[in-house]
There are 2 protein chains.
Amino acid sequence: MTSSRPGPNLSRIATSLGVSIATVSNALSGKGRVSGQLVERIREHAAELGYVPSQAGRALRTGRSGVIGLVLPDIANPLFPKIAQAIEFAASAAGYGVLIADSRGDAATQVEAINRLVERGVDGMVVIPRRATRISSVACPVAVIDTPSTPGNTVSADHWQGGREIAVHLAGLGHQRILIIGNNRESSVQNDRAGGIRAGLRPAMQAETLWIDELERDGGSGCPLGLAERVKQGFTAFAALSDLQALRALTELQQAGINVPADVSVTGFDDLIWSPVVTPSLTTVRMDMDRIAGIAVSALADTIGKSSAREGMLVTAEIERVAMQLIVRQSSGPCEPGIKNLRDGEHVR
Amino acid sequence: MTSSRPGPNLSRIATSLGVSIATVSNALSGKGRVSGQLVERIREHAAELGYVPSQAGRALRTGRSGVIGLVLPDIANPLFPKIAQAIEFAASAAGYGVLIADSRGDAATQVEAINRLVERGVDGMVVIPRRATRISSVACPVAVIDTPSTPGNTVSADHWQGGREIAVHLAGLGHQRILIIGNNRESSVQNDRAGGIRAGLRPAMQAETLWIDELERDGGSGCPLGLAERVKQGFTAFAALSDLQALRALTELQQAGINVPADVSVTGFDDLIWSPVVTPSLTTVRMDMDRIAGIAVSALADTIGKSSAREGMLVTAEIERVAMQLIVRQSSGPCEPGIKNLRDGEHVR
DNA sequence: CTGAAAGCGCTTACAG
DNA sequence: CTGAAAGCGCTTACAG
């Protein structure tokens, strides 16, 4: 016995209409080699029968699955939802399905995840690499989203420029001493951001960087960062390299009785879900995820289109840097009813 | 011209080894109809050539794609990462790939998303339905993850019981007046949670519910909820129906100079990424996502396995309720270095 | 404008 | 234990 799908296929439509399979195929795909009337009749009948083309059949014939892979370092990373949503959106607009793969753990798992996707026959993949991994040859086109400083990168937010935006904003508020708070000294994203902040300081300003990962190397994760002490030392601005750290800083300061933004300022990065919701809401810098995803997916689609480019094609060309956008919230004054402060996606089931 | 994949196929392995395609297929799939020696030789040669089986060919022949779909109401929902990760994990352990689809917007988009997945030939799908949607007949097995009160549901956390855990915890702390904070009166998840809280109160305790969606119906999203006023009225505990609302409450209270947990308590639901990181960290209730995902995926796999069950099979049987686990943090005392307070996934790129 | 035919890569009864 | 053959559903040159 050979297993078959539940629905009708081209052959059934063809016989029931007394035409050939090829004609049905042509009519449905709109290749235009069929007369208008017949196209009409065929389409109608196909719809009536609830015809759903078999991806397997098509894929086998064309060599294209119509699916791309999305490899993420860690789906639990709070940045993931936005990336995934943007990629899914861009991909489905381009007619692709999205297969996800989590490379949790080390670089080896990332390689595994990539291989699994290749085995599933993806036409290409978008990879957001783990820190300090290089994507070596993969058996399909790959678009890498990382920092501009990553070799082989395809597109990314301009984290450096984002950092400058923060610095300029803090300068405008009159801050002199800034504590940059990162949680991973190895991260090129965080280093770019920190570098941008430093580069954007005015001569009179000075910054110091607190790397939480080093602070906590010997345990004690989740303990206070000693920010009240820093305030006594004269720091008036806390520029976290991610909104999660900003949130951590904000609540620690508040708990210590330090008023934000009256006494000190706190800024973040990424405009994550809670940024507009907390009191005071966070000033942050947002990536244009839709644009980044759009560029990555269309670069991928272009490469897939050129059928010559099958094997191990890194979609590089020229790295595109997408500007980040400053979102000022802490100094936005009193809340006025009628003004939408929440981001659109803000709701919980 | 007929397009072909880059790699070798069964035929090439067969010719180069002087055996038949069928034998290669049997050897590689371990169906055991081939002599041990030959199996060995074939496997070796296949590995040498870097043979990757064609999913398309296999799918066309077997009628199974080896891929399941995951339909989410809104990927931007902060609960998503955990669900997606758990499903991806369970699915890949069971040998399935996961195709994602976001049903953002209304119920109509959800139907579209489901159809897209069916068109891509998924063998089944896990659906986390939008509020108040019923999953009607789909052309493949479906496992629904929602509340126990949803008809046709397959598995879910026991939100009601989770609510009781919160109530018992607050009772133990001696609270008498509790403000429940929800953000969506329509959500059955939130209603179950609120119901559980009320059911768990001791006679002397009383609760009132604040629905943010109603409060903000006329605009003003993101404005303070007036919690300081509630404290004056005598409320000493704020039980949010999601960690996002808990965070909102916490920061609003802190900003008003009310000390948490000394003056009042704040609790949440879901143990989202920030819960252990903020000061004070949040007491919350966690779903066992791995278990829920495992049950959903294996129920799905079972149904797919029975080849009779192709069309529109809702995987129901008996609804499984997975207990939620209380995580007490706010009263956990001073931070001791060396103790891991952060959840494992807590890191940002 | 329409159709007959080949073939994508695989698996599975069936025959030897 | 091994192989020849059929067929899953589709698309695409090619012929008419």
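Before any of the text, the structure's been laid out above.
Here's what I pulled together on the structure shown here. (Residues numbered from 1 in each chain as written. Chains lettered and ligands numbered in written order. Predicted model: local features only at pLDDT ≥ 70, side-chain atom pairs only at ≥ 80, totals over all residues. Heavy atoms only, no water.)

Our next topic: the overall build of chain A. Each helix and strand in chain A was counted, giving 12 helices and 12 strands. A burial count over chain A gives 56% of its 349 residues as buried. When the accessible surface of chain A is split by element, carbon and sulfur atoms take 50% of a total near 14,500 Å². (Helix = DSSP H or I, 4+ residues; strand = E, 2+ residues; numbered from the N terminus. Buried < 20%, exposed > 50% of the residue type's maximum accessible area, 1.4 Å probe, protein only. Areas by Shrake-Rupley, 256 points an atom, 1.4 Å probe, with all protein chains shown as cover.)

For the rest of this paragraph, the subject is the packing of aromatic side chains. Applying the stated rule across the entire model yields 2 aromatic pairs over all chains. The ring of Phe235(A) carries the charged tip of Arg177(A) above its face, separated from the ring centre by 4.3 Å. (Phe/Tyr/Trp six-rings, centres within 6.5 Å; stacked < 30°, edge-to-face > 60°. Lys NZ or Arg CZ within 6 Å of the ring centre and 35° of its normal.)

Below, the discussion takes up the side chain of Gln254(B). When you line up the elements, Gln254(B) lands in helix α11 (residues 243-255). The class of Gln254(B) is buried, set by a relative accessible area of 7%. With sequence-adjacent residues up to four places away left out, Gln254(B) is seen in contact with Thr251(A), Gln254(A), Gln255(A), Thr279(B) and Pro280(B). (Contact = heavy atoms within 4.5 Å.)

On to the nonpolar core. Counting 145 residues, the largest nonpolar core has Leu70(A), Trp274(A) and Trp274(B) as its most contacted members. Once residues within four sequence positions are removed from consideration, Trp274(B) is found in contact with Leu244(A), Leu247(A), Ile273(A), Trp274(A), Pro78(B), Asp243(B), Leu244(B), Leu247(B) and Leu282(B). Listed in part, the 31 residues of the second largest apolar core include Ala101(A), Val127(A), Met125(B) and Cys140(B). (Core = buried A, V, L, I, M, F, W, Y, C linked by side-chain atoms within 4.5 Å.)

Further remarks concern the sheet that holds strand β9 (residues 265-267) of chain B. Residues and elements named next belong to chain B. Pairing is parallel in the open sheet, where 4 strands are placed in the order β7-β6-β8-β9. Two strands close off the open sheet at either side, each with one partner strand: β7 (206-211) and β9. Adjacent strand axes in the sheet meet at a mean angle of 20° when their direction is disregarded. Note that strand β8 (residues 237-240) and β9 share 3 bridges and pair parallel. Its bridge partner being in β9, Ala237 is matched across the sheet by Ser265. Along the sheet face, helix α7 (residues 159-172) touches β6 (177-182), β8 and β9 and points at about 165° away from the line of β9. Across the sheet, helix α8 (residues 188-200) lies against β6, β7 and β8, angled at about 165° from β7, the strand it touches most. (Pairing = 2+ DSSP bridges. Axes fitted to C-alpha atoms, helices over the stretch in contact; angles between N-to-C directions.)

Right, let's talk about unusual backbone geometry for a bit. Residues and elements named next belong to chain A. For the bond running from Thr279 to Pro280, omega is -10°, close enough to zero to count as cis. If you trace the backbone, Pro280 turns up in the loop between β9 (265-267) and β10 (284-286). With phi around 50°, Asp271 is a residue other than glycine that occupies positive phi space. For Asp271, the position within the fold is in the loop between β9 and β10.

Residue and element names in this part refer to chain A. Along strand β3 (residues 124-127), one buried face is formed by Gly124 and Val126 and the opposite face, lined by Met125 and Val127, is buried too. Bridging between strand β1 (residues 67-72) and β3 involves 4 bridges; their strand directions are parallel. Among the inter-strand pairings, Leu70 is bridged to a residue of β3, identified as Val126. Strand direction decides the pairing type here: β3 and strand β4 (residues 142-144), joined by 3 bridges, are parallel. In the sheet register, Met125 faces β4, and the bridge partner there is Val142.

Counting across every chain of the model gives 14 salt bridges over all chains. For Arg116(B), the salt bridge goes to Glu88(A), with nearest N and O atoms at 3.0 Å. Here Arg116(B) is found in helix α6 (residues 107-119), whereas its partner Glu88(A) is found in helix α5 (residues 80-93) on a different chain. We note a salt bridge from Arg286(A) to Asp271(A), for which the minimum N-O separation is 2.9 Å. Placement of Arg286(A) in strand β10 and of Asp271(A) in the loop between β9 and β10 is noted, with a sequence separation of 15 residues between them. With relative accessibility at 0%, the residue Asp271(A) sits in the buried group. Residues joined by salt bridges that share partners form a network here, namely Asp271(A), Arg286(A) and Arg329(A). (Salt bridge = Lys/Arg side-chain N within 4 Å of Asp/Glu carboxyl O.)

A few words on helix α5 (residues 80-93) of chain B. Residues and elements named next belong to chain B. A rise of 1.5 Å per residue sets the reference length of α5, with its 14 residues, at 20 Å; its end C-alpha atoms lie 20 Å apart and thus fit the reference within 8%. Here α5 lies mainly inside the structure; 11 of its 14 residues are buried. Listed in full, the buried residues belonging to α5 are Phe80, Pro81, Lys82, Ile83, Ala84, Gln85, Ala86, Ile87, Glu88, Ala90 and Ala91. Downstream of α5 by one or two residues, Gly95 has phi in the positive range, about 85°. (Expected span 1.5 Å × (residues − 1).)

Time to look at the packing of helix α7 (residues 159-172) of chain A against helix α8 (residues 188-200) of chain A. All names here are of chain A. Here α7 crosses α8 at 40°, and the two axes come no closer than 6 Å. Here α8 runs oblique to α7, going by the angle between their axes. Viewed along their axes, α7 and α8 form a crossing whose handedness is right-handed. Contact residues: His159, Trp160, Gly163, Arg164, Ile166, Ala167 and Val168 in α7; Val189, Asp192, Arg193, Gly195, Gly196, Ile197, Ala199 and Gly200 in α8. When the residues that make up the contact of α7 with α8 are grouped by side-chain class, the tally is 7 nonpolar, 5 polar and 3 charged. (Parallel < 35°, antiparallel > 145°, perpendicular 65-115°, else oblique. Left-handed = near helix turned anticlockwise from the far one by under 90°. Nonpolar A, V, L, I, M, F, W, Y, C, P; charged D, E, K, R; others polar.)

Shape is all these values report; function is a separate question.
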